[in-house]
Amino acid sequence: MTSLLFLSQLMAFVLAIPQACKSLFTLLISASGSPGFPQGSDDIAVLTKFKATNPEGEESNGPLYETNSSAGSELPGSSEGLSSTETTLLISDHQGTAKRFNLFLRRRLMFDKRQQSKDSIFFCDGIRRIDYVLSYVDDPKQEGDKKMERRKEFENNLLKSGLELETEDKKDSEDGRTYFIKIHAPWEVLTTYAEVLNIKMPIRENDIPPAMENPFECMFGLFRLPKEVMNPEPDYFTAPFSKQRQELFCIEDENTFFSPSVRNRIVYYILSRCPYGTEEGKKKFGIKRLLSNGTYTAAYPLHDCQYWKKSRDPNCGNERYTLYTQWARFLRFYKEQPLDLIRRYYGERIGIYFAWLGFYTEMLFFAAVVGLICFIYGWITMTDNMSSIEICDESIGGEIIMCPLCDRNCEYWKLNTTCESSRYSHLFDNVATLFFAIFMGIWVTLFLEFWKRRQARLEYEWDLVDFEEEQQQLQLRPEYEAKCTQKKKNPVTQEMEPYLPITSQALRFCFSGATVLFWISLIIASMIAVIVYRLSVYAAFASLMEDTESLRPISSLLTPQLATSVTASCLNFVIIMILNFLYERIAVWITDMEVPRTHLEYENRLTMKMFLFQFVNYYSSCFYVAFFKGKFVGYPGAYTYMFSKWRNEECDPAGCLIELTTQLTIIMAGKQIWGNIQEAILPWVWNWWRRRRARTNSEKLYSRWEQDHALQSFGPLGLFYEYLEMVIQFGFITLFVASFPLAPLLALMNNILEIRVDSWKLTTQYRRPVASKAHSIGVWQEILNGMAVLSVVTNAFIVAFTSDMIPRLVYYHAYSTDQNSPMSGYINNSLSVFQISDFPSEPGASPGTFTTCRYRDYRYPPDHEKKYLHTMQFWHILAAKMAFIIIMEHIVFIVKFFVAWMIPDVPSEVKARIKREKFLTIQILHEYELNKLKENLCNRTDYQVEKEVIATEGKRELAQVMG
């Protein structure tokens, strides 16, 4: 039986030799004409080309490049792109090369007639997974010899680094013009770079008992997802991968040991450092530069299946389909997020973003409930507000004649014309406003402290406890290495590395800073322009509403003040969007110009530039209404003018808070609506249009790489803009929340939609991003902390100076004359008297029967010896405002710091589990080393063995004590 089996295998091998020789001969004949084919390389020992055929004899794939490096070949990368540490770990043994080549021949013989699905994520042999795809367009009119030479050199170096390439010919693509180069990382490459990148891999299943279950868990069953979705893989003890200790790790199958996200991360690391030649005396490398100069049109890892249906291939994980059905659909908005599956499919960086966004949304629920209660309280007590009652009363507000609000073409007006706006002002300007401002100061502290605890738990669960972000991010950016020609010795690694001279850095920073200041000055100029618009069009609105009969029925609701405020807010929003659109591109350009040394440094610099600009852009108008409008007006006959031409704006008799609320609502709601349109609808329309233009035959099925090629690129800054959007929203609900208690509710509704929009577009409209690690939200944590502190100050000033609460309290306790109704007479008390004859020039029509008008201030009347000077009540109110600010800030800050001190950043349970896991991991590693030592010393004397064993056990005990 054994002899028959041997003869059958020998016969199969002999019969396969002619086909292999034919394929090799075909390759050698056509190599010079194959796009991207490495020619004339002495380093490539074996280079073969095959055409896979289906049972009908049709070609199912383009040319296949397969390489096995000889002992003298240059592997993972080259000396230009890798450090000496990485170079020492490269593949260079003859046995591994021969083994891979023999395995390849067996695979080709086995799968030569395999009919492969076009939705497959494997090479044409059906075994080797596609870890990355490059594409380029073969257009002789636009194609230069330089691009072809770059591709040839780049792909040649990829082959030298150990990667395997397979090219889909352009005639097999949908448009007939695009080549697709599929990349596979074999086992040797994966293990090499897993060690270089210090990737943690499982060594044993975690046997630590899980934490105690929540006794109220049954109450949340409606919001839970199936266990197989929430926990797609068992929990393991992990350790940094080591090629010398492979048997220590749980390697059941080499094809599935490294997850697809880890594989595409490793391949991208090689692509970003692979050289492609020397131009203008500088060494050029990196896929990013090849994409920017048009050598390649796209580079991306593949999704594992179509999002709306599972793959027919049982070797596909179908994780994209699971994410779409369980996470990305809006009807699942009430369900928890499958964070472990998100992390497994997209990597830790994207996983931590969705974890933060979900936690932020959960915490917003409590703020929204309290804010809604405060709003309902204002609604219920609106009819009992004495101020609005007096303003609306015909015998009080109807008899008070107010001074004109501009110097020309403005009439004297009656106080009761602001009746409706004063009523609605009470919705947000009441006693509950003070309570809500204090509550939000404490809420923001609880949010940040509880997030630190949640983040610590995720670090433990995702094996990021010992992860140093610098370990990954402090690697030099390829762009930095390419632009810096000078080198110096690194004091830590003692290796020569490129650096940018201090003089060049200073010049770049000066130019960058000047650019940022210029754009911020543009924001301030645009805000001043909007203020001028407010001042100049008020008279136009006043005369329009007076002269237009059709507008008179709504004149009680839409006053000239409100019309001016609404239109100015809309105009300001449009300007904000335009400036924001332009500055985004400027910020990226000047950050690139600075040539940051590391990825972490690049992101931090860009973050600070964008946040500083958007902080001024979005919040400047709100700061103006809250802290400047109506504060420096002067009084009739001695008004304060802007640029000696436009008279400063006055607040409504009921206060400026309603105008701040209007401004905040328009900007916040408009930004959220536009953001959702930009994030969801535009990518969908763009992808639909690209598919429609590219489809030459609607019956032809896209291949998996073509389907992903038609999608949008998420880009390295995709998450940056998501964080920036949410942090700006966080500022709206914290910095100005005292003026708008419904802001957290609007943010909550937006974020419920935002989670599903972000998940939907990431799963369906974007190519799969390259997986990367992150153990926190990074510099955004410090920005949130800074905004939390600033929010206490801004809300205290809003309550004191923008709200009418303090003047009412001073009147109630010190100036009220009616014990039965203490607030009666407040409106008359808050308005001063001006003699019309004291106007330098008559601002409006002749007053006729009245000789005085009223204005909002606390000044002596014209018949007093201190004519038009501030009364003592004004100074009492000012002192009360300052005292309130000091007291409120101290109370909130004391509570904030006490809460932060009481809540530890890392839960005690997580601390214990981290220590326990470290102890067990060290024990497993030392037991492994001890067993290896015993095996190595089995042929030595008993005394030497015992001595080595005692020394090893001593090291283990010492490590346990120190750990």
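Residues numbered from 1 in each chain as written. Predicted model: local features only at pLDDT ≥ 70, side-chain atom pairs only at ≥ 80, totals over all residues. Heavy atoms only, no water.

Undergrad: Just give me the short version of the overall build of the protein chain, but keep the residues and values in it.
TA: Regarding its fold elements, the protein chain presents 30 helices and 20 strands. Considering the protein chain as a whole, with its 963 residues, one finds that 53% of them fall into the buried category. Considering only contacts in the protein chain between residues 6 or more positions apart, those separated by 24 or more positions represent 76%. (Helix = DSSP H or I, 4+ residues; strand = E, 2+ residues; numbered from the N terminus. Buried < 20%, exposed > 50% of the residue type's maximum accessible area, 1.4 Å probe, protein only. Contact = heavy atoms within 4.5 Å.)

Undergrad: Break down the packing of aromatic side chains for me, with residues and values.
TA: Under the criterion given, the structure shown has 60 aromatic pairs. Judged by centre distance (6.3 Å) and plane angle (90°), the ring pair of Phe518 and Trp519 falls under edge-to-face. Relative to Phe732, the ring of Tyr619 has its centre 5.1 Å away and its plane inclined at 90°; by these criteria the two rings are edge-to-face. Linking Tyr619 in helix 20 (residues 599–627) with Phe732 in helix 23 (residues 718–735), this pair joins segments that are 113 residues apart in sequence. In this structure, Arg151 packs its charged tip against the face of Tyr136, placed 3.8 Å from the ring centre. The ring of Trp705 has Lys182 sitting right over it, with the charged end atom 4.2 Å from the ring centre. (Phe/Tyr/Trp six-rings, centres within 6.5 Å; stacked < 30°, edge-to-face > 60°. Lys NZ or Arg CZ within 6 Å of the ring centre and 35° of its normal.)

Undergrad: Any chance you could break down the state of the cysteines for me, citing the residues and the numbers?
TA: Enumeration according to the criterion identifies two disulfides in this entry. Between the sulfur atoms of Cys392 and its disulfide partner Cys419 the distance amounts to 1.8 Å. Torsion about the S-S bond of the Cys392 and Cys419 cystine: about 100°, corresponding to right-handed handedness. Residue Cys392 is found in helix 13 (residues 386–392), and its partner Cys419 is found in helix 14 (residues 419–428); the two are separated by 27 residues along the sequence. Here Cys403 engages in a disulfide with Cys853; their sulfurs sit 1.9 Å apart. (Disulfide = S-S within 2.5 Å.)

Undergrad: An account of a nonpolar patch on the surface is needed here, citing residue identities and associated values.
TA: Residues Ile673, Trp674, Ile677, Ile681, Leu682, Trp684, Val685, Trp686, Trp688 and Trp689 make up a contiguous nonpolar surface patch of about 990 Å² in total accessible area. Tracing the chain through its elements places Trp684 in helix 21 (residues 657–694). Residue Trp684 is classed as partly exposed on the basis of its relative accessible area, which comes to 41%. (Patch = residues over 30% accessible without salt bridge, like charges linked within 9 Å, V, L, I, M, F, W, Y side chains within 5 Å. Areas by Shrake-Rupley, 256 points an atom, 1.4 Å probe, with all protein chains shown as cover. Salt bridge = Lys/Arg side-chain N within 4 Å of Asp/Glu carboxyl O.)

Undergrad: Could you give an account of the nonpolar core, with specific residues and numbers?
TA: Residues Trp356, Tyr360, Trp443, Phe447 and Tyr619 are the most contacted members of the largest nonpolar core, which totals 140 residues. Take this core: its biggest share by element is 16 residues, from helix 12 (residues 348–380). Each residue touching Phe447, except ones within four places of it in the same chain, is listed here: Trp356, Phe359, Tyr360, Met363 and Phe730. With 48 residues, the next largest nonpolar core counts Ile181, Ala185, Cys274 and Leu290 among its residues. (Core = buried A, V, L, I, M, F, W, Y, C linked by side-chain atoms within 4.5 Å.)

Undergrad: Describe in detail unusual backbone geometry, supporting the description with residues and values.
TA: In this structure, Asp463 is a non-glycine residue whose phi angle is positive, near 60°. Of note in the backbone geometry, Tyr868 takes a positive phi value of approximately 65° without being a glycine. By the element assignment, Tyr868 lies in the loop between strand 20 (852–856) and helix 28 (872–902). The exposure class assigned to Tyr868 is buried, which follows from its relative accessible area of 6%.

Undergrad: Explain the confidence of the model for the protein chain to me, and be specific about the residues and the numbers.
TA: Per-chain confidence: the protein chain averages 78 in pLDDT, with 77% of residues scoring 70 or above. Predicted confidence is poor over residues 1–114, with pLDDT under 50, and the contacts of this stretch with residues over four places away or in other chains come to 184 contacts. (pLDDT = per-residue confidence, 0-100.)

Undergrad: Can you lay out the packing of helix 12 against helix 14 for me, pointing to particular residues and giving the numbers?
TA: The N-to-C vectors of helix 12 and helix 14 enclose an angle of 145°; their axes lie 7 Å apart at closest approach. For helix 12 against helix 14, the interelement crossing comes out right-handed. Between helix 12 and helix 14, the residues in contact are Phe375, Gly378 and Trp379 and His426, Leu427 and Phe428, respectively. Residues that form the contact of helix 12 with helix 14 fall into these classes: four nonpolar, two polar and no charged. (Axes fitted to C-alpha atoms, helices over the stretch in contact; angles between N-to-C directions. Left-handed = near helix turned anticlockwise from the far one by under 90°. Nonpolar A, V, L, I, M, F, W, Y, C, P; charged D, E, K, R; others polar.)

Undergrad: Talk me through the side chain of Ser387; I want residue IDs and the actual numbers.
TA: Within the fold, Ser387 resides in helix 13. If we skip the residues at most four places from it in the chain, Ser387 touches Arg808, Tyr826 and Ile827.

Undergrad: So what's going on with the environment of Pro861? Which residues, and what values?
TA: Assignment of secondary structure puts Pro861 in the loop between strand 20 and helix 28. Residue class for Pro861 comes out partly exposed when judged on its relative accessible area of 30%. Distance in space between the C-alpha atoms of Pro861 and Thr871 is 9.7 Å, their sequence separation being ten residues. Excluding residues that lie within four positions of it along the chain, Pro861 makes contacts with Val833, Lys867 and Tyr868.

Undergrad: Go over helix 29 (residues 908–936), please, and point to the residues and values.
TA: Every α-helical turn comprises 3.6 residues, leaving residues that sit three or four positions apart pointing alike. With 29 residues, helix 29 should cover 42 Å at 1.5 Å per step; its first-to-last C-alpha distance of 42 Å lies within 8% of that length. When we look at burial in helix 29, the residues that qualify are Val910, Arg913, Ile914, Glu917, Leu920, Thr921, Ile924, Leu925, His926, Tyr928, Leu930 and Leu933. (Expected span 1.5 Å × (residues − 1).)

Undergrad: I'd like to hear about the pattern of salt bridges, residue by residue, with values.
TA: The tally for this structure, following the rule as stated, stands at 30 salt bridges. Here Arg343 and Glu348 are joined by a salt bridge, their closest N and O atoms 3.0 Å apart. Of the two residues, Arg343 and Glu348, both sit in the buried class. In this structure, Arg808 and Asp429 form a salt bridge, with 3.5 Å as the shortest nitrogen-oxygen distance. Residue Arg808 is located in helix 26 (residues 805–815), and its partner Asp429 is located in the loop between helix 14 and helix 15 (431–461); the two are separated by 379 residues in the primary sequence. Just as Arg808 is buried, Asp429 falls in that class too. Salt bridges sharing partners connect three or more residues here, namely Asp429, Asp804, Arg808 and Arg856.

Undergrad: Before we move on, could you go through the packing of helix 5 (residues 187–196) against helix 8 (residues 260–271) and cite the residues and values that matter?
TA: Two numbers describe how helix 5 lies on helix 8: the axes approach to 10 Å, and their chain directions differ by 80°. Taken as axis vectors, helix 5 and helix 8 run roughly perpendicular relative to one another. Contacts from Val189, Leu190, Tyr193, Ala194 and Val196 of helix 5 reach helix 8 at Arg263, Ile266, Tyr269 and Ile270. For the contact of helix 5 with helix 8, a count of residues per class yields eight nonpolar, no polar and one charged. (Parallel < 35°, antiparallel > 145°, perpendicular 65-115°, else oblique.)

Undergrad: Run through helix 23, naming residues and quoting values.
TA: Here helix 23 is 18 residues long and its end C-alpha atoms lie 26 Å apart, about the 26 Å a rise of 1.5 Å per residue gives. The buried fraction of helix 23 is high, at 17 of 18 residues.

Undergrad: Before we move on, could you go through the side chain of Thr295 and cite the residues and values that matter?
TA: Here Thr295 lies in the loop between helix 9 (287–292) and strand 10 (298–300). On the accessibility criterion, Thr295 (0% relative accessible area) is buried. Reaching out from Thr295, the side chain makes a polar contact with the side chain of Arg150 at a distance of 3.5 Å. Engagement of the side chain of Thr295 in a polar contact is seen with the side chain of Asn293, the distance being 2.6 Å. (Polar contact = N/O pair within 3.5 Å; in protein donor to acceptor, adjacent residues only side chain to side chain.)

Undergrad: Describe the environment of Gly675, with residues and values.
TA: Tracing the backbone shows Gly675 in helix 21. In this structure the C-alpha to C-alpha distance between Gly675 and Glu722, which are 47 residues apart in sequence, comes to 9.9 Å.

Undergrad: Go over the environment of Glu188 with me, naming the residues and quoting the values.
TA: As for its position among the elements, Glu188 is in helix 5. Between the alpha carbons of Glu188 and Gly162 there is a distance of 7.8 Å; along the sequence they are 26 residues apart.

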